[in-house]
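Results of the structural survey
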Amino acid sequence: MTSTPLSIPGSKTSAATTPKVGIVSLGCPKALVDSERILTRLRAEGYEISPSYDGADVVLVNTCGFLDSAKKESLEAIGEAIKENGRVIVTGCMGVESDMIREVHPDVLAVTGPHQYEQVVNAVHDAVPPVHDPFTDLVPPEGLRLTPRHYAYLKISEGCNNRCSFCIIPSLRGDLVSRPVASVLREAEKLATAGVKELLVISQDTSAYGIDRKYAEEDWYGRKVKARFLDLCQELANFDVWVRLHYVYPYPHVDEVIPLMAEGRILPYLDIPFQHASPTVLKAMRRPAAQEKQLDRIKKWRAECPHLVLRSTFITGFPGETEEDFQFMLDWLQEAQLDRVGCFKYEPVEGAAANALPNAVPEEVKQERWERFMETQKAISAERLKQKIGYTLGVIIDEVDEEGAIGRSYADAPEIDGNVFLNGETNVKPGDIVDVTIEHADDYDLWGSIERPE
Ligand code: SF4
């Protein structure tokens, strides 16, 4: 069993500002390889590896939890690192027993489990932020992105605690693991500093953010911020960029963010995957928040924030869906007056619990219901778009060519919603946010002109 601060070939003498990480690696060769991977990643990010406790800004203890004797040794190693250095992050096999570690050593900064490279590296970032050197770093501080420069996806958690019967994400990605709040905010700050104008908050279940971390508080510019949906939204609102929330479930606590939308601090846009409306089908789907009174909630939100835009997705032809269930959903759509809606015909996914449900809906019935659904919603969406004519909306520009510009209002997420066409407007560039008077609408898109001072 190795129990030694590792030193990595090529680590150089410390410069005063370079963050330094020490490591104690316990356990089997697999754990040693994990330690090497973590250190390789940290080294690539500019961290130095400290061969001693007192030279380190933070110490990682990669634990072994195979036998009771190994657990004892791991707890002792954590204790020694706390005594000698004070700033300790625990990872490795024993990390799955986070409560026990914290009971013995309440001062550890973070505990992550085996193979959680991303989480352990994020914990190091939180404890000792990396220093960006523009002359030597190959990667910009905000990371490499595949989206255009002016918008970026901000992933706040991985995995999901729900068990929807048609979905296999929890078995692929595990239960909800939320990122520490300071890590999310640091990434958002870097993106905003790099010129991003719109942050798209994503996860499998955005409104559940922080539940797994028991809403752990962290320091953020001298303030304590909780890893909690509302607190995260409040903090993101401070970055002076558009903040758009995706994959939100209508739990009661979502009500708390509506005032932020009404005040214009985050975009009045909620992407809520309702998937169905019939209580029987929702129950068979095992949907989260299915029991909530969704229509009442939507009415309440709109009373508080009249410009709120709601986008959603639905599934038709789920096993057991009757004509009555389907009609219930169409009536619900008429009541709910959602702005943007996608609809999928149910397809079994290998490994999903729903595959075992009786009363599969025949393909031709699925198709016929899908067409009726789309027709119903198309009329609703078109009417809601028409209501925007004559209003002035902020529009973020995505593309410009010799014929004009194409942008999106707060009501349109990139790729999935509509566009605002600005014919003849060539004097703008991607990422500009301009005030546009809406002049025309069709079933999906809007047309308008940029407002200019008289
Ligand atoms: S569909 Fe359900 S189980 Fe799957 S990721 Fe979404 S909330 Fe989680």
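In this text, all values refer to a predicted model and were calculated from it rather than measured experimentally. (Residues numbered from 1 in each chain as written. Predicted model: local features only at pLDDT ≥ 70, side-chain atom pairs only at ≥ 80, totals over all residues. Heavy atoms only, no water.)

Observations regarding the sheet that holds strand β21 (residues 446–450)
This is how the line gets drawn: One requirement defines pairing of two strands: DSSP has to find at least two bridges between them. Under the DSSP-based scheme used, a helix requires at least four consecutive residues in state H or I and a strand at least two consecutive residues in state E, with every element numbered from the N terminus. What counts as an axis is a line fitted to C-alpha atoms, over the stretch in contact for a helix, and the angles between N-to-C directions run from 0 to 180 degrees.
One closed barrel holds the five strands; their spatial order is β17-β18-β19-β21-β20, and the pairing between them is mixed. Mean inter-strand twist for the sheet, computed between neighbouring axes without regard to direction, equals 50°. Inspection of the sheet shows strand β18 (residues 404–409) paired to strand β19 (residues 420–423) by four bridges, in the antiparallel sense. Bridged to Gly404 within β19 is Asn423.

Here's the deal with the nonpolar core
Heads up, the rule is: Buried residues of nine kinds, namely Ala, Val, Leu, Ile, Met, Phe, Trp, Tyr and Cys, make up a nonpolar core once their side-chain atoms join them within 4.5 Å. Exposed residues in this analysis have more than 50% of their type's maximum accessible area, buried residues have under 20%, and partly exposed residues fall in between, with area computed by a 1.4 Å probe over protein chains only. Two residues qualify as a contact provided that any one of their heavy atoms is within 4.5 Å of a heavy atom in the partner residue.
Counting 53 residues, the largest nonpolar core has Leu236, Leu245, Leu270 and Leu338 as its most contacted members. In terms of residues, this core owes the most to one element, helix α11 (residues 323–336), which gives six residues. With residues near it in sequence (within four places) discarded, Leu245 still touches Val201, Phe229, Cys233, Val257, Met261, Ile266, Tyr269, Leu270 and Asp271. Counting 22 residues, the second largest nonpolar core, distinct from the first, contains Ala405, Ala413, Leu422 and Ala441.

Focus on a negative patch on the surface
The condition is simple: The residues that make up patches have over 30% relative accessible area and no salt bridge, and they are joined within 9 Å when like-charged or within 5 Å when they are Val, Leu, Ile, Met, Phe, Trp or Tyr. Accessible surface is estimated by sampling points in the Shrake-Rupley manner with a 1.4 Å probe; for residues, cover comes only from the protein chains shown. Only one rule defines a salt bridge in this text: a Lys or Arg side-chain nitrogen within 4 Å of an Asp or Glu carboxyl oxygen. Counting rule applied: Lys, Arg positive; Asp, Glu negative; His and chain ends not counted. The atom standing in for a charge is NZ when the residue is Lys, CZ when it is Arg, CG when it is Asp and CD when it is Glu.
A grouping of Glu399, Asp401, Glu402 and Glu403 is seen on the molecular surface, where their side chains present a negatively charged patch. Note that Glu399 resides in strand β17 (residues 392–401). Take Glu399: its relative accessible area is 48%, and that puts it in the partly exposed class.

Focus on the site of the ligand
Under the convention used in this document: One heavy atom within 4 Å of a molecule or strand makes the whole residue count as near it. Only Asp, Glu, Lys and Arg are considered charged, only Ala, Val, Leu, Ile, Met, Phe, Trp, Tyr, Cys and Pro nonpolar, and every remaining residue, Gly among them, polar.
Close to the ligand lie Cys160, Asn162, Cys164, Phe166, Cys167, Ile169, Pro170, Gln204, Tyr249 and Arg287. Grouping the amino acids of the shell around the ligand by side-chain chemistry returns seven nonpolar, two polar and one charged.

Points about the confidence of the model for the chain
Here is the rule: Confidence of the predictor at the level of single residues is given by pLDDT, which spans 0 to 100.
Here the chain averages 89 in pLDDT, while 93% of its residues score no lower than 70. Per-element confidence in the chain ranges from a low mean pLDDT of 40 for strand β1 (residues 4–5) to a high of 98 for strand β13 (residues 242–245). With pLDDT under 50 throughout, residues 1–16 is counted as low confidence; its partners more than four residues away or in other chains account for 35 contacts.

Remarks on the UniProt feature "domain: TRAM" (unreviewed entry) in the chain
The test is simple: UniProt positions are given in the numbering used here, feature names are shortened, and annotations may be inferred rather than shown by experiment.
On the UniProt side, "domain: TRAM" (unreviewed entry) is annotated at positions that read residues 386–452 here. Between the end C-alpha atoms of residues 386–452 the distance is 23 Å, and the span holds 1% helix and 51% strand.

Quick look at α11
Inclusion rule: Helix span is expected to be 1.5 Å times the residue number reduced by one. Read the arc as the range of directions from the helix axis to the C-beta atoms.
With 14 residues, α11 ought to run about 20 Å at 1.5 Å a step, and its terminal C-alpha atoms sit 20 Å apart, in line with that. If you check which residues of α11 are buried, you get Asp325, Phe326, Met329, Leu330, Trp332, Leu333 and Ala336. Each buried residue of α11 sits inside an arc of 160° when the element is viewed along its axis, so together they form one side. Phi turns positive one or two residues past the end of α11, at Gln337, with a value near 50°.

Overview of the environment of Cys343
As for its position among the elements, Cys343 is in strand β16 (residues 340–345). In this structure, the C-alpha to C-alpha distance between Cys343 and Leu67, residues 276 residues apart in sequence, is 51 Å. In contact with Cys343, other than residues within four places in its own chain, are Phe314, Thr316, Trp370, Phe373 and Met374.

Describing the pairing of strand β2 (residues 20–25)
Note the following rule: Handedness of a crossover: with both strands directed away from the viewer, a clockwise path from the first strand across the helix to the second marks it as right-handed.
Among the six residues in β2, six count as buried, and that is most of the element. Of the two faces of β2, the one holding Lys20, Gly22 and Val24 and the one holding Val21, Ile23 and Ser25 are both buried throughout. The pairing of β2 with strand β3 (residues 48–49) spans two bridges and is parallel. Looking across to β3, one finds that Val21 is bridged to Ile49. Regarding topology, helix α1 (residues 29–44) serves as the crossover connection from β2 to the parallel β3, and that connection is right-handed.

Digging into the side chain of Ser381
By the secondary structure assignment, Ser381 is in helix α12 (residues 363–386). For Ser381, a relative accessible area of 9% gives the class buried. Every residue in contact with Ser381, bar those within four places of it in the chain, is listed here: Leu338, Asp339, Arg340 and Asp443.

Thoughts on the packing of aromatic side chains
Selection rule: Aromatic pairs are defined between Phe, Tyr and Trp rings, using the six-membered ring for Trp, whenever the two ring centres lie within 6.5 Å; interplanar angles under 30 degrees are classed as stacked, those over 60 as edge-to-face, and all others as tilted.
What the rule picks out here adds up to 10 aromatic pairs. Geometrically, the ring pair formed by Phe314 and Phe373 is tilted, given 5.4 Å between the ring centres and 50° between the ring planes. Of this pair, Phe314 sits in strand β15 (residues 309–316) while Phe373 sits in helix α12, and the two are 59 residues apart along the sequence. Assigned by exposure class, Phe314 and Phe373 land together as buried. Judged by centre distance (5.1 Å) and plane angle (75°), the rings of Phe318 and Tyr346 are edge-to-face.

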